[in-house]
Amino acid sequence: MTEFGRNQLKQQRDKLKQYQKRITQQLEREREIARQLLRDGRKERAKLLLKKKRYREQLLDKTENQITSLETMVQSIEFTQIEMKVIEGLKIGNECLNKMHQVMSIEEVERILDETQEAVDYQRQIDELLAGSFTQEDEDAILEELDAITQEQMELPEVPSEPLPEKIPEKVPIKARPRQAELVAAS
């Protein structure tokens, strides 16, 4: 159903609600008139008016049922429209997946994976050839050079072989001591 049809249903519902409101107001007026008629002693006329009122109450109940039916129908239509949008989205998604599958077939994916594996195997062979081109003498020379570089970095200054002269500490004023500490730190 189109948007137009749904709007018509909503308009019908609104008209029924207006009709219901009008009947409710008439029922209240008729009840007051029936009271007045009873006060005036016109019992038969009041009874006739109350019968008319009862008939309108039944119409009011029918109107309420019709309004409920219309609201249910509008909700069903709105939900169905949502379902249709979901189905349309699924349809578009399936078409997109099918197009992607046409572009990238299983055979194409397998071919790409095989080519990748071949390239990895080829690179591994090159690495093995380069690694295997050194002789045992070359390996030994490389290790000796590595040890020499390590020793150069770890060489410490030589320790003097003669004993150090003994020195008697002099008394230094307190203010001079920080300067002496600075000289030691700088050397």
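Residues numbered from 1 in each chain as written. Predicted model: local features only at pLDDT ≥ 70, side-chain atom pairs only at ≥ 80, totals over all residues. Heavy atoms only, no water.

Draft legend 1. Looking closely at the overall build of the protein chain. When its secondary structure is counted, the protein chain shows five helices and zero strands. Taken from N to C terminus, the helices and strands of the protein chain fall in the order α-α-α-α-α. Intrachain contacts of the protein chain at a sequence separation of at least 6 include 73% that bridge at least 24 residues. Of the accessible surface of the protein chain, which amounts to about 17200 Å², a share of 57% is contributed by carbon and sulfur atoms. (Helix = DSSP H or I, 4+ residues; strand = E, 2+ residues; numbered from the N terminus. Contact = heavy atoms within 4.5 Å. Areas by Shrake-Rupley, 256 points an atom, 1.4 Å probe, with all protein chains shown as cover.)

Draft legend 2. Examining the confidence of the model for the protein chain more closely. The share of residues in the protein chain with pLDDT of 70 or more is 83%, and the mean pLDDT across the chain is 81. Of all helices and strands in the protein chain, the one with the weakest mean pLDDT is helix 5 (residues 176–186) (51), whereas helix 2 (residues 43–103) scores best (88). (pLDDT = per-residue confidence, 0-100.)

Draft legend 3. Molecular detail of the nonpolar core. Counting six residues, the largest nonpolar core is built from Leu 9, Leu 16, Ile 67, Leu 70, Val 74 and Ile 77. For this core, the element with the highest residue contribution is helix 2, accounting for four residues. (Core = buried A, V, L, I, M, F, W, Y, C linked by side-chain atoms within 4.5 Å. Buried < 20%, exposed > 50% of the residue type's maximum accessible area, 1.4 Å probe, protein only.)

Draft legend 4. View of helix 1 (residues 3–39). The terminal C-alpha atoms of helix 1 lie 55 Å apart, and with 37 residues this matches the ideal 54 Å at 1.5 Å per residue to within 8%. Every buried residue belonging to helix 1 is among Gly 5, Arg 6, Leu 9, Arg 13, Leu 16, Gln 20, Ile 23, Leu 27, Glu 30, Ala 34 and Leu 37, and all of these are buried. Buried positions along helix 1 lie against helix 2. Of the residues flanking the end of helix 1, it is Gly 41, one or two places downstream, whose phi is positive at about 85 degrees. (Expected span 1.5 Å × (residues − 1).)

Draft legend 5. Representation of a negative patch on the surface within the structure. Judged by side-chain charge, Glu 137, Asp 138, Glu 139, Asp 140, Glu 144 and Asp 147 come together as a negatively charged surface patch. Within the fold, Asp 138 resides in helix 4 (residues 136–154). With a relative accessible area of 34%, Asp 138 lands in the partly exposed category. (Patch = residues over 30% accessible without salt bridge, like charges linked within 9 Å, V, L, I, M, F, W, Y side chains within 5 Å. Salt bridge = Lys/Arg side-chain N within 4 Å of Asp/Glu carboxyl O. Lys, Arg positive; Asp, Glu negative; His and termini not counted. Charge placed at Lys NZ, Arg CZ, Asp CG, Glu CD.)

Draft legend 6. A look at a nonpolar patch on the surface. A surface patch of nonpolar side chains, about 460 Å² in accessible area, is lined by Val 103, Met 104, Val 109, Ile 112 and Leu 113. Take the nonpolar patch: its biggest share by element is three residues, from helix 3 (residues 106–132). Relative to the assigned elements, Leu 113 resides in helix 3. Looking at Leu 113, the relative accessible area reads 56%, which means it is exposed.

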